[in-house]
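Descriptive structure summary
Below, each chain spelled out in residue letters.
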Amino acid sequence: MRAIVPGAALDFILPRRCPCCDARVACEQGLCADCWREMPFLERPWCHRLGKPFAYDVGEGAWSPQAIAAPPLFDRLRSVAFYDGPARQLVLSLKFSRRRELARPMARWMVRSGGELLDRNSLLVPVPLHWSRLLSRRFNQAADLAREIAREGGGRFEPRLLRRHKRTRQQVGLTAKDRQRNVRSAFTLDSSRADGVAGRPVVLIDDVLTTGSTVAACTRALLGAGAVSVDVLTFALVDPASRTGAGSDFQ
Ligand SMILES: [Zn+2]
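What you see is a predicted model; the values in this text were computed from it and never measured. (Residues numbered from 1 in each chain as written. Predicted model: local features only at pLDDT ≥ 70, side-chain atom pairs only at ≥ 80, totals over all residues. Heavy atoms only, no water.)

1. Quick look at the overall build of the protein
Stated formally: The numbering of helices and of strands both runs from the N terminus, where a helix is a DSSP run of H or I of at least 4 residues and a strand a run of E of at least 2. Note on exposure labels: buried denotes an accessible area under 20% of the residue type's maximum, exposed denotes more than 50%, and partly exposed covers the range between, all computed with a 1.4 Å probe on protein chains only. Any pair of residues with heavy atoms lying within 4.5 Å of one another is described as a contacting pair. Shrake-Rupley sampling with a 1.4 Å probe provides the accessible areas, and residues are treated as covered by the protein chains on show and by no other component.
Secondary structure summary: the protein contains nine helices and seven strands in total. Of all 251 residues assigned to the protein, the portion counted as buried reaches 51%. At a minimum sequence separation of 6, the contacts of the protein that also span at least 24 residues come to 71%. In the structure as shown, the protein presents an accessible area of about 13,100 Å², 51% of it carried by carbon and sulfur atoms.

This is the structure in structure tokens:
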């Protein structure tokens, strides 16, 4: 017979820890007060297209000058936080320290920040890794996040729809033209699943958005297969103003 362990006793045996710094915390999968304060959350009001915060409220649905000057191929981008401090720590721990249990709390934050993108009808498509990288890492962190988002927020998890058949160099540090060349035709759709895309809204999922070239290439492939819309939901967003030093994080 299985023993039932009361919550308080379980806390004593396995104390709840902050996923960033390992300090003891009161609630499961919650950040400690210090990490919460340091987390560079993206808050409304934000650009309707790019999800970047405005300094002041310019009204619902407003576009930033950046979105007006160069509208993205995707419809909307939403992220939980800038790629800095505890947000960067969580992304690196999930990806390189194989702390896959972090996907659940990170996905919960993503559902909260990107709830307006999620619909029962949506296809949740993780940005794929090249097979050689998947072989060495053994898991795709974007797929772990997308699976948890489907569980929490609805939508159909589609981990095998997009394929990355070209191993690309890291995007940070390349010029805009080189970035586009780097990922051009890197993604195609699995022919056995492509029929299911026509007429469906798609939400592309990734852990961090760096330059936007990768999601642009994925978006092009999905729209080409007849997706009615492509939105992008990431945990973190690299702030171009503080990109220095982030390059080595994306190997
Ligand atoms: Zn902490």
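2. Notes on the coordination of the zinc ion
Tetrahedral coordination by four donors places them ideally at 109.5 degrees to one another around the metal; octahedral coordination by six donors ideally gives 90 or 180 degrees. Note the following rule: Any N, O or S atom lying within 2.8 Å of the metal counts as a donor, and for Na, K and Ca the limit rises to 3.2 Å; water is left out, so some sites can look incomplete. Under this scheme a four-donor centre is tetrahedral when all angles range from 85 to 135 degrees, a four-donor centre is square planar and a six-donor centre octahedral when opposite donors are above 155 degrees with the rest from 65 to 115, and any other centre is irregular.
Protein ligation of the zinc ion involves Cys18 (SG), Cys21 (SG), Cys32 (SG) and Cys35 (SG), the donor distances falling in the range 2.3 Å. In this structure, the zinc ion is coordinated by four donor atoms arranged in tetrahedral fashion, with angles at the metal of 104 to 116 degrees. Mapping the donors of the zinc ion onto the primary sequence gives the spacing C-x2-C-x10-C-x2-C.

3. Here's the deal with the pairing of strand β6 (residues 201–209)
Where we set the bar: Here, a strand pair is defined by DSSP locating no fewer than two bridges between the strands. Crossovers are described as right-handed under a simple rule: with the strands pointing away from the observer, the path leading from the first strand over the helix to the second runs clockwise.
Along β6, nine of the nine residues are buried, which leaves the element largely enclosed by surrounding structure. Bridge analysis of strand β2 (residues 123–126) against β6 gives four bridges, and the strand direction is parallel. From the neighbouring strand, Leu124 faces β6, where its bridge partner is Val203. Examined bridge by bridge, β6 and strand β7 (residues 229–237) share eight bridges and lie parallel to one another. What sits directly across from Ile205, in β7, is Leu233. Following the backbone out of β6, through helix α9 (residues 213–224) and into the adjacent parallel β7, one traces a crossover that is right-handed.

4. Observations regarding the nonpolar core
Rule in force here: Working definition of a nonpolar core: buried Ala, Val, Leu, Ile, Met, Phe, Trp, Tyr and Cys residues. They are joined through side-chain atoms within 4.5 Å.
Within the largest apolar cluster, 37 residues are counted, with the highest numbers of intra-cluster contacts made by Ile149 and Phe235. The greatest single-element share of this core, amounting to six residues, is contributed by helix α5 (residues 103–113). Sequence-distant contacts of Ile149, defined by excluding residues within four places in its chain, comprise Ala107, Met110, Val111, Leu118, Leu124, Gly154, Ile205 and Leu233. Among the nonpolar cores identified, the runner-up in size contains 31 residues, and Leu42, Ala67, Leu161 and Val230 belong to it.

5. Some words on the packing of helix α4 (residues 85–96) against α5
As a reminder of what qualifies: The axes are straight lines fitted to the C-alpha atoms, using for helices just the contacting stretch, and the angles between their N-to-C directions are given from 0 to 180°. The cut-offs work like this: below 35 degrees is roughly parallel, past 145 is roughly antiparallel, 65 to 115 is roughly perpendicular, and the gaps in between are oblique. By the definition used in this description, the sense in which the near helix is turned from the far one sets the handedness, with an anticlockwise turn below a right angle giving left-handed and a clockwise turn giving right-handed. Think of it as three bins: nonpolar holds Ala, Val, Leu, Ile, Met, Phe, Trp, Tyr, Cys and Pro, charged holds Asp, Glu, Lys and Arg, and polar takes everything else, Gly as well.
Contact geometry of α4 with α5 gives a least axis separation of 11 Å together with a crossing angle of 135 degrees. Considering the angle they form, α4 stands oblique to α5. Here α4 runs over α5; the crossing is left-handed. Contact residues: Leu90, Val91 and Leu94 in α4; Ala103, Met106 and Trp109 in α5. Split by residue class, the contact of α4 with α5 holds six nonpolar, no polar and no charged.

6. A closer look at the packing of α5 against helix α7 (residues 141–153)
Contact geometry for α5 and α7: axes closest at 8 Å, N-to-C directions at 60 degrees. Here α7 runs oblique to α5, going by the angle between their axes. Considering how the two elements wind past one another, α5 and α7 form a crossing that is right-handed. On α7, the residues touching Ala103, Arg104, Met106, Ala107, Arg108, Met110 and Val111 of α5 are Asp144, Leu145, Glu148, Ile149, Arg151, Glu152 and Gly153. Looking at the contact of α5 with α7 residue by residue, the class counts come to seven nonpolar, one polar and six charged.

7. What to know about the environment of Ala81
As for its position among the elements, Ala81 is in strand β1 (residues 77–82). Non-local contacts of Ala81, meaning those with residues more than four positions away in its chain, are made with Met39, Pro40, Phe41, Leu42, Ala87, Phe235, Ala236 and Leu237.

8. With respect to the pattern of salt bridges
Condition: What makes a salt bridge here is a side-chain nitrogen of Lys or Arg within 4 Å of a carboxyl oxygen of Asp or Glu, nothing more.
Applying the stated rule across the entire model yields 15 salt bridges. Between Glu116 and Arg44 there is a salt bridge whose closest N-O contact spans 3.1 Å. Of this pair, Glu116 sits in the loop between α5 and β2 while Arg44 is found in the loop between α2 (33–38) and α3 (65–69), placing the two residues 72 residues apart along the sequence. Look at Arg44 and you get partly exposed, because its relative accessible area is 47%. Arg108 is paired through a salt bridge with Glu152; the nearest N and O atoms lie 3.0 Å apart. Here the residue Arg108 occupies a position in helix α5, and Glu152 occupies one in helix α7, the gap between them amounting to 44 residues. Salt bridges sharing partners connect three or more residues here, namely Arg44, Glu60, Arg78 and Glu116.

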